Amino acid sequence: MGVLKKEECYPNYTYDEYKNWEGRWEVINGIAYAMSPMAHPKHQRISSRIDWQLNELLKDCEKCKAYLPVDWKINENTIVQPDNLVLCYEINDKPYITKAPTLIFEILSKSTALKDINLKYKIYENEGVGYYIIVDPDSQSAKIYKLIDFKYVKIADATVDKVEMVIDSCKIEFDFSLIWS
């Protein structure tokens with residue numbers, strides 16, 4: 001009797017299976033991750049304020065638009081749903097996006113923190129997401145990473161700070177003090 005390999009111990013789910021599931025899920029390298037229970041009201045409020053501010057900051061930007069969670073199908077067995085994202089391209093008519101967002105916010109919760117800080121960090125870095133912002137509602141702080149030479153470099157730890165970012169050809173100054181209260 002041989003030793004089982006890691007890939008023999010877990011199911012290997014694909015988009016075709018994922019698209020029929022009820023509830024909110026992500027699939028990373030074929031492994032299913034439940035996105036439930038529903039996010040805490042504080043999480044939802046922060047996400048709403050991020051979305052509002054991004055829409056305001058990008059209202060004059062011709063290419064870039066803010067979105068709430070949408071499926072990003074990276075490949076057949078990796079589908080993620082960032083909390084808030086900015087796309088600087090026209091979306092297709094599919095029920096998911098296939099190209100990397102320019103900016104992603106992930107809001108930590110007890111059930112997703114390790115995945116957001118580790119797995120998604122690496123995925124977003126490898127896929128070329130320009131900015132990755134990890135928001136911690138408990139400490140009311142955010143870590144802002146910018147992709148430089150194919151690696152994330154932390155450019156700021158923000159609490160009530162304004163952080164300038166260049167998204168495509170649009171320069172924005174995101175005010176983190178507006179997302180907490």
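Anyway, here's the lowdown on the structure attached to this text. (Residues numbered from 1 in each chain as written. Predicted model: local features only at pLDDT ≥ 70, side-chain atom pairs only at ≥ 80, totals over all residues. Heavy atoms only, no water.)

## A few points about a nonpolar patch on the surface
Step number 1: A cluster of nonpolar residues, Ile 148, Val 153 and Ile 155, forms a patch on the protein surface that exposes about 210 Å² of accessible area.
Step number 2: Relative accessible area serves as the criterion here: at 37%, Ile 155 is assigned to the partly exposed category. (Patch = residues over 30% accessible without salt bridge, like charges linked within 9 Å, V, L, I, M, F, W, Y side chains within 5 Å. Areas by Shrake-Rupley, 256 points an atom, 1.4 Å probe, with all protein chains shown as cover. Salt bridge = Lys/Arg side-chain N within 4 Å of Asp/Glu carboxyl O. Buried < 20%, exposed > 50% of the residue type's maximum accessible area, 1.4 Å probe, protein only.)

## Considering the pattern of salt bridges
Step number 1: What the rule picks out here adds up to 13 salt bridges.
Step number 2: Between Lys 115 and Glu 26 there is a salt bridge whose closest N-O contact spans 2.5 Å. Of this pair, Lys 115 sits in helix 4 (residues 113-127) while Glu 26 sits in strand 1 (residues 25-28), placing them 89 residues apart in sequence. Grouping residues by exposure puts Lys 115 and Glu 26 together as buried.
Step number 3: Note that Lys 73 and Glu 76 form a salt bridge whose closest N and O atoms lie 2.7 Å from each other.
Step number 4: A residue is classified by how much of its surface remains accessible, and Glu 76, at 40% relative accessible area, is partly exposed.
Step number 5: Members of the salt-bridge network, linked through shared partners, are Glu 26, Glu 106, Lys 115, Asp 116 and Lys 120. (Helix = DSSP H or I, 4+ residues; strand = E, 2+ residues; numbered from the N terminus.)

## A look at the environment of Lys 162
Step number 1: With respect to the helices, strands and loops of the structure, Lys 162 is situated in strand 11 (residues 162-167).
Step number 2: Accessibility expressed as a relative area gives 53% for Lys 162, which makes it exposed.
Step number 3: Sequence-wise, Lys 162 and Phe 176 are 14 residues apart; in three dimensions their C-alpha atoms are separated by 6.1 Å.
Step number 4: For Lys 162, the contacting residues outside a window of four places in its chain are Glu 173, Phe 174 and Asp 175. (Contact = heavy atoms within 4.5 Å.)

## A look at the sheet that holds strand 10 (residues 151-158)
Step number 1: Strand order across the open sheet formed by six strands is 3-6-7-8-9-10, with mixed pairing between neighbours. The open sheet has two free edges, formed respectively by strand 3 (65-67) and strand 10, since each of these has just one partner strand. For this sheet, the mean inter-axis angle between neighbouring strands, taken without regard to orientation, is 20 degrees.
Step number 2: Here three bridges tie strand 6 (residues 84-87) to strand 7 (residues 103-107), and the two strands are oriented antiparallel to one another. Looking across to strand 7, one finds that Val 86 is bridged to Leu 103.
Step number 3: Helix-sheet contacts for helix 3 (residues 41-57) involve strand 3, strand 6, strand 7 and strand 8 (131-136), and the interaxial angle to strand 7 is about 160 degrees. (Pairing = 2+ DSSP bridges. Axes fitted to C-alpha atoms, helices over the stretch in contact; angles between N-to-C directions.)

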